[in-house]
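Structural overview for review
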Amino acid sequence: MLSYWEKKNFLHQDLIVIGAGIVGLSAAIQYKERFPERSVLVLERGLFPSGASTKNAGFACFGSLTEILDDLDVLTEQEVLGLVQRRYEGLLGVREKFGDAQLDYKPHGGFELITDKEIHFLEKLDQLNEMLRPIFGNNVFEVLDSFQSMGFGKEVKAIVKNQFEGELDSGKFLNALWERSSELRIKILTGCKVLAIHPDEKRVEVTDAAGMPLFFQSRQLAICTNAFTKSLLPDLDIRPGRGLVLVTAPMKKEIPWKGSFHYDKGFVYFRNIDNRLLLGGGRNKDFQGEETVEFGINPKIREYLISIMEKIIFPHGTPEIEMEWSGIMAFGPDKRPLVKLINPDVGIAVRLGGMGVAIGWQTAREMVNLFDAH
């Protein structure tokens, strides 16, 4: 049974945000900064964010050469430009808001390993640079003159550098969001599993860790649950996508490269963290098996990633895998996020397409901008 004080102080809010990941906390912060007199409550079912906000690779990126060219096969040039701009502005917004030191942001650049399968994409590099020039004011992509000192396998025929990308610490990003939320007196309740929402009444049905049913009421409601949104709004076009991440033990020798690296059209990614290899992705080897909201390790994908580590990344010695985990992302018919109001006071910001670090802050802002000020 709830006490008088609990009912009085917690169950009625001006804004309730469902989901305490990057998008949810970003939405809560930007809403509270716009309406400082209003109360904001964030509900999260896990101890940490449940999807991928603290389970990602920490890539501050907006798309490799081959990824963007692939996007042009399904989207118009203006749609692709809009997508890249949203991601880039999102990254700039986060860096401006919290500062590079707080995020442990490192401007080492982004790199893509090119094999014989992708070599034909280089023919369109200049064309893509020209297309992106209005956003960046300069060339984005360049082919490195020499990369042999990086020690990659003989399958790598070229490396394309993106000077505008970088890396950050996903845990420090969440810490920055937590700290700003605390400064703004935003309440965050963890261990709250949302069973159902009633958009017309702005009512949220929740069960706590002890199984007690609770009903929260709000003036406005923001749904930021990404891959898990279909359990609340089953008609939305959202497909979950699980992603695997492996991290090695510290290397005995210094890793001879830094930056955020992509391989296999961006489906595989890796970076140097604290002289360890972080390696993830490979979802394209089993799309069907990874279309799940259940956490776990897909042995087929794990085997594929380890083969890349052995043959491509470290062909002269195999490090030991020390830890591994999975995160759950959300995808749709294309890579554009889903941001809209389902009624004047209920917004959704979901389906980040595996780009939550880059686009989460911007997506949250777009949703908050849709709310009326009444």
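Turning our eyes to something else, we now look at the nonpolar core. Counting residues in each nonpolar core, the largest one holds 70 residues, and the members touching the most others are L132 and F141. Top element by residues in this core is helix α4 (residues 77–98). It accounts for 8 residues. Apart from residues no more than four positions distant in its own chain, F141 is found in contact with G63, S64, L65, I68, L125, L128, N129, L132, V160, K161 and N162. By size, the runner-up hydrophobic cluster in this structure holds 29 residues, among which are L144, F147, M150 and I312.

A separate point is the side chain of N162. Tracing the backbone through its elements, the reader meets N162 in strand β6 (residues 158–162). Residue N162 is classed as buried on the basis of its relative accessible area of 2%. Of note is the side chain of N162, whose polar atom sits 2.9 Å from the backbone nitrogen of F164. Residue contacts for N162: discarding those within four places in its chain leaves F62, G63, G109, G110, V140 and F141.

Now for unusual backbone geometry. For D274, which is not glycine, the phi torsion reads 55° and is therefore positive. Here D274 shows up in the loop between β14 (268–273) and β15 (276–281). For D274, a relative accessible area of 66% translates into the label exposed. Of note in this structure, R351 is not a glycine but carries a positive phi near 60°. Examined against the element boundaries, R351 turns out to sit in the loop between β18 (346–350) and α10 (356–370).

So, on to the pattern of salt bridges. It is possible for side chains of opposite charge to pair when their charged atoms get near one another. Per the counting criterion, the structure on display carries 19 salt bridges. Taking the shortest distance from any N to any O, the salt bridge between R271 and E167 comes out at 3.0 Å. Here R271 is found in strand β14, whereas its partner E167 is found in strand β7 (residues 166–167), with 104 residues between them in sequence. E167 matches R271 in its accessibility class, with the two residues each being buried. Between R239 and D237 there is a salt bridge, with the nearest N and O atoms lying 3.8 Å from each other.

Scoring rules and cut-offs
- Residues numbered from 1 in each chain as written.
- Predicted model: local features only at pLDDT ≥ 70, side-chain atom pairs only at ≥ 80, totals over all residues.
- Heavy atoms only, no water.
- Core = buried A, V, L, I, M, F, W, Y, C linked by side-chain atoms within 4.5 Å.
- Buried < 20%, exposed > 50% of the residue type's maximum accessible area, 1.4 Å probe, protein only.
- Helix = DSSP H or I, 4+ residues; strand = E, 2+ residues; numbered from the N terminus.
- Contact = heavy atoms within 4.5 Å.
- Polar contact = N/O pair within 3.5 Å; in protein donor to acceptor, adjacent residues only side chain to side chain.
- Salt bridge = Lys/Arg side-chain N within 4 Å of Asp/Glu carboxyl O.

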